[in-house]
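# Examining the three-dimensional arrangement
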Amino acid sequence: MYKVIDVGTDWIPGKEKLIEDLINLHLKNRVKYRTEKRNVCDASQYTTHIADHLADVLQDNLPGLIFNDKKYDPPWIYVSNKNWTQTYYHHHLPDNPHPSFYHRHLTTVFYLKNPGGALSIKDEVDLMPKEGQFVVFPLHTLHAPLPYHGEEYRIALNVNFFTKNTYSDFLNISNQTG
């Protein structure tokens, strides 16, 4: 189950400066990636306004969706190019999740910049998202950014959104682009 929503990027104020800041944040965190065995970094200081807008997009595109009081975790970014690319299937469930986590909550990936590279949703599809596309799927879904070896940076903003209700209340989608 997934949905791809075209939201564009024209609504992002100072987009080029933001992209530059996120690339610099990525470059500063590369040593930390290796020591902490992570390949993403917290970007909330730069991207909370984007996550707020994406929450509105979800509300508009998933009728019946009701957010928890805490709408989302702090956004993080995955930046890659020929010098830095990581691929492994993963999900965003916490350790020892409550059973309700398998029936609610969403993982999202917003492509702020995507000169190439795919997102694989295990056992379903390999997507080739364009810049400005917003991919939505259940929190427990195994997924992976596929290797990207281009010169330009690919920048994906990731946000987990938390819902009060279950998928059956709002996620009546299956493999949709819209």
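That block above? That's the structure.
Residues numbered from 1 in each chain as written. Predicted model: local features only at pLDDT ≥ 70, side-chain atom pairs only at ≥ 80, totals over all residues. Heavy atoms only, no water.

## Notes on the overall build of the protein
For the protein, the helix and strand inventory stands at 3 helices and 11 strands. Along the chain direction, N to C, the helices and strands of the protein fall in the order β-α-β-α-β-β-β-β-β-β-β-β-α-β. Taken against the 2.2 N^0.38 rule, which gives 16 Å for 178 residues, the C-alpha radius of gyration of the protein at 15 Å falls within 12% of a compact globule. A total of 178 residues make up the protein; the buried ones form 52% of that total. Nonlocal contacts in the protein, meaning residues at least 24 apart in sequence, comprise 81% of its contacts between residues at least 6 apart. Of the roughly 8,700 Å² of accessible surface on the protein, a fraction of 49% belongs to carbon and sulfur atoms. Taking the 18 positively charged and 20 negatively charged side chains of the protein as two groups, their mean positions are separated by 6 Å. (Helix = DSSP H or I, 4+ residues; strand = E, 2+ residues; numbered from the N terminus. Rg over C-alpha atoms; globule rule 2.2 N^0.38 Å. Buried < 20%, exposed > 50% of the residue type's maximum accessible area, 1.4 Å probe, protein only. Contact = heavy atoms within 4.5 Å. Areas by Shrake-Rupley, 256 points an atom, 1.4 Å probe, with all protein chains shown as cover. Lys, Arg positive; Asp, Glu negative; His and termini not counted. Charge placed at Lys NZ, Arg CZ, Asp CG, Glu CD.)

## What to know about the nonpolar core
Core analysis: the largest hydrophobic core is formed by 38 residues, its most contacted members being Leu 58, Leu 106, Phe 110, Phe 134 and Phe 161. Looking at this core, the elements that each hand over two or more residues are α1 (15–36), α2 (44–61), β3 (67–72), β4 (76–80), β5 (106–113), β8 (133–138), β10 (154–163) and α3 (167–170). Ranked by residue count, the leading element in this core is α2, at 6 residues. For Phe 134, the residues in contact, after removing those within four places along its chain, are Lys 3, Val 4, Ile 5, Val 7, Leu 54, Val 57, Leu 58, Thr 108, Val 109, Phe 110 and Phe 161. Val 4, Val 109, Tyr 111 and Leu 127 belong to the second largest nonpolar core, which has 10 residues in total. (Core = buried A, V, L, I, M, F, W, Y, C linked by side-chain atoms within 4.5 Å.)

## Some points on the sheet that holds strand β7 (residues 125–127)
Hydrogen bonds between backbone groups are what pair the strands of a sheet, and the pairing can be parallel or antiparallel. Spatially, the 3 strands line up as an open sheet ordered β7-β6-β9, and their pairing is antiparallel. Each of the sheet's edge strands pairs with one partner strand only, and the pair in question is β7 and β9 (143–145). When the angles between neighbouring strand axes are averaged without regard to direction, this sheet yields 15°. Strand direction decides the pairing type here: strand β6 (residues 119–121) and β9, joined by 3 bridges, are antiparallel. Residue pairing for β9: Leu 119 is matched across the bridge by Pro 145. (Pairing = 2+ DSSP bridges. Axes fitted to C-alpha atoms, helices over the stretch in contact; angles between N-to-C directions.)

## Overview of the environment of Ser 44
Structurally, the position occupied by Ser 44 is in helix α2. Judged by relative accessible area, Ser 44 falls into the partly exposed class, the value being 23%. Leave out the neighbours within four places in its chain, and Ser 44 touches Pro 74 and Pro 75.

## Quick notes on the pairing of β10
With 10 of its 10 residues buried, β10 lies for the most part within the structure. Burial along β10 is two-sided: the residues Arg 154, Ala 156, Asn 158, Asn 160 and Phe 162 and Ile 155, Leu 157, Val 159, Phe 161 and Thr 163 are all buried. Alignment of β3 against β10, held across 2 bridges, turns out to be antiparallel. When the bridges of β10 are listed, Phe 67 appears paired with Thr 163.

## Examining the packing of aromatic side chains
Summed over the entire model, instances satisfying the criterion amount to 5 aromatic pairs. Residues Trp 11 and Phe 110 carry aromatic rings whose centres are separated by 6.0 Å and whose planes lie at 45° to one another, so their mutual orientation is tilted. Here Phe 110 lies in strand β5 and Trp 11 lies in the loop between β1 (3–6) and α1, a separation of 99 residues in the sequence. Residue class for Phe 110 comes out buried when judged on its relative accessible area of 0%. Taking the centre distance of 6.5 Å and the plane angle of 75° together, the rings of Phe 110 and Phe 134 count as edge-to-face. Here Phe 134 lies in strand β8 and Phe 110 lies in strand β5, a separation of 24 residues in the sequence. This pair shows no difference in class: Phe 110 is buried, exactly as Phe 134 is. (Phe/Tyr/Trp six-rings, centres within 6.5 Å; stacked < 30°, edge-to-face > 60°.)

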